[in-house]
Amino acid sequence: MFFLSIIMTVYNSERYLEDSINSILNQTFSDFEFIIINDGSNGSSSRIIDEYRSKDKRIRVIEHENRGIAKSLNEGIRISKGTFIARHDADDVSFAGRLEKQLHFLQVNNAYGLVGSDWEYINEYGDKMINEKKFFVSPSTPSDFRIFHVSTSMILASTLNVP
């Protein structure tokens with residue numbers, strides 16, 4: 001049994017998928033299973049996921065027709081084996097210490113069952129899209145946006161995920 005299950009759904013996310021997967025595989029905390037749910041992608045997402053699965057035994061892949069993010073996430077929760085569950089989107093990049101910091105918080109603060117974090121918008125080159133006053137800098141196109149997680153997304157204590 002793993003200490004942590006990370007669940008990521010993928011739907012035609014090949015543009016940022018490698019960066020996203022690498023940011024999880026390179027975490028300072030490594031006792032996890034990484035459940036990647038390919039939600040009916042028709043691009044090169046499947047090939048990218050398969051390449052990573054062949055290199056890292058922590059990766060479990062579920063492939064099915066497009067059902068949407070909620071149903072796919074619920075499937076990931078059902079098959080997860082971790083004491084804790086973390087969410088990660090296919091276009092997200094997490095700082096290397098994200099999981100370690102979030103798990104530490106939950107372990108020393110037993111009254112909490114959920115932890116989240118802050119985030120930063122970045123463009124496709126990794127440049128921050130928010131100025132010092134925390135106001136958005138308007139991108140030239142919608143594709144200029146992408147979320148870069150500082151210590152991000154959520155980790156849930158498994159007791160919150162009982163169906």
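Worth saying up front: this structure is predicted, and the values here are computed from it rather than measured.

1. As for the overall build of the protein
Counting secondary structure elements, the protein contains 4 helices and 9 strands. The linear arrangement of helices and strands in the protein, starting from the amino end, is β-α-β-α-β-α-β-β-α-β-β-β-β. Expressed as a percentage of its 163 residues, the buried residues of the protein come to 46%. Put simply, of all contacts in the protein between residues at least 6 apart along the chain, 77% involve residues at least 24 apart.

2. Examining the pairing of strand β4 (residues 84-87)
In β4, alternate side chains face the same way, and those of F84 and A86 on one face and I85 and R87 on the other are all buried. Across 4 bridges, strand β1 (residues 4-10) lies against β4 in parallel orientation. Bridge pairing links L4 to F84 in β4.

3. Quick look at the pattern of salt bridges
Taken as a whole, this structure holds 7 salt bridges when the rule is applied. The partner of E33 in a salt bridge is R60, and the shortest N-O contact between them spans 2.7 Å. You can see E33 sitting in strand β2 (residues 32-39) and its partner R60 sitting in strand β3 (residues 59-64), a full 27 residues away along the chain. Since its relative accessible area comes to 0%, E33 is described here as buried. A salt bridge links D89 to R87; the nearest nitrogen and oxygen atoms lie 2.5 Å apart. Overall, R87 belongs to the buried group, its relative accessible area being 18%.

4. Let's talk about the nonpolar core
Grouped together as the largest cluster of nonpolar side chains are 24 residues, with contacts concentrated most on L4, F32 and F34. Core analysis: the second largest hydrophobic core is formed by 6 residues, I7, I62, L73 and I85 among them.

5. Side note on the confidence of the model for the protein
This prediction gives the protein a mean pLDDT of 80; 77% of its residues lie at or above 70. Across the protein, β2 holds the top mean pLDDT of 98, while strand β8 (residues 146-149) sits lowest at 35. For the stretch residues 132-163, pLDDT sits under 50, and the model shows 103 contacts to residues farther than four places along the chain or on other chains.

6. Observations concerning the environment of R58
Along the chain, the position of R58 falls in the loop between α2 (45-55) and β3. Its relative accessible area of 15% is what places R58 among the buried residues. Counting along the chain gives 33 residues from R58 to L25, while the straight-line C-alpha distance between them is 8.7 Å. Those residues in contact with R58 that sit more than four places away from it in its chain are L25, S30, F32, E33 and F34. At a separation of 3.4 Å, a polar atom in the side chain of R58 contacts the main-chain carbonyl oxygen of S30.

Conventions and cut-offs
- Residues numbered from 1 in each chain as written.
- Predicted model: local features only at pLDDT ≥ 70, side-chain atom pairs only at ≥ 80, totals over all residues.
- Heavy atoms only, no water.
- Helix = DSSP H or I, 4+ residues; strand = E, 2+ residues; numbered from the N terminus.
- Buried < 20%, exposed > 50% of the residue type's maximum accessible area, 1.4 Å probe, protein only.
- Contact = heavy atoms within 4.5 Å.
- Pairing = 2+ DSSP bridges.
- Salt bridge = Lys/Arg side-chain N within 4 Å of Asp/Glu carboxyl O.
- Core = buried A, V, L, I, M, F, W, Y, C linked by side-chain atoms within 4.5 Å.
- pLDDT = per-residue confidence, 0-100.
- Polar contact = N/O pair within 3.5 Å; in protein donor to acceptor, adjacent residues only side chain to side chain.

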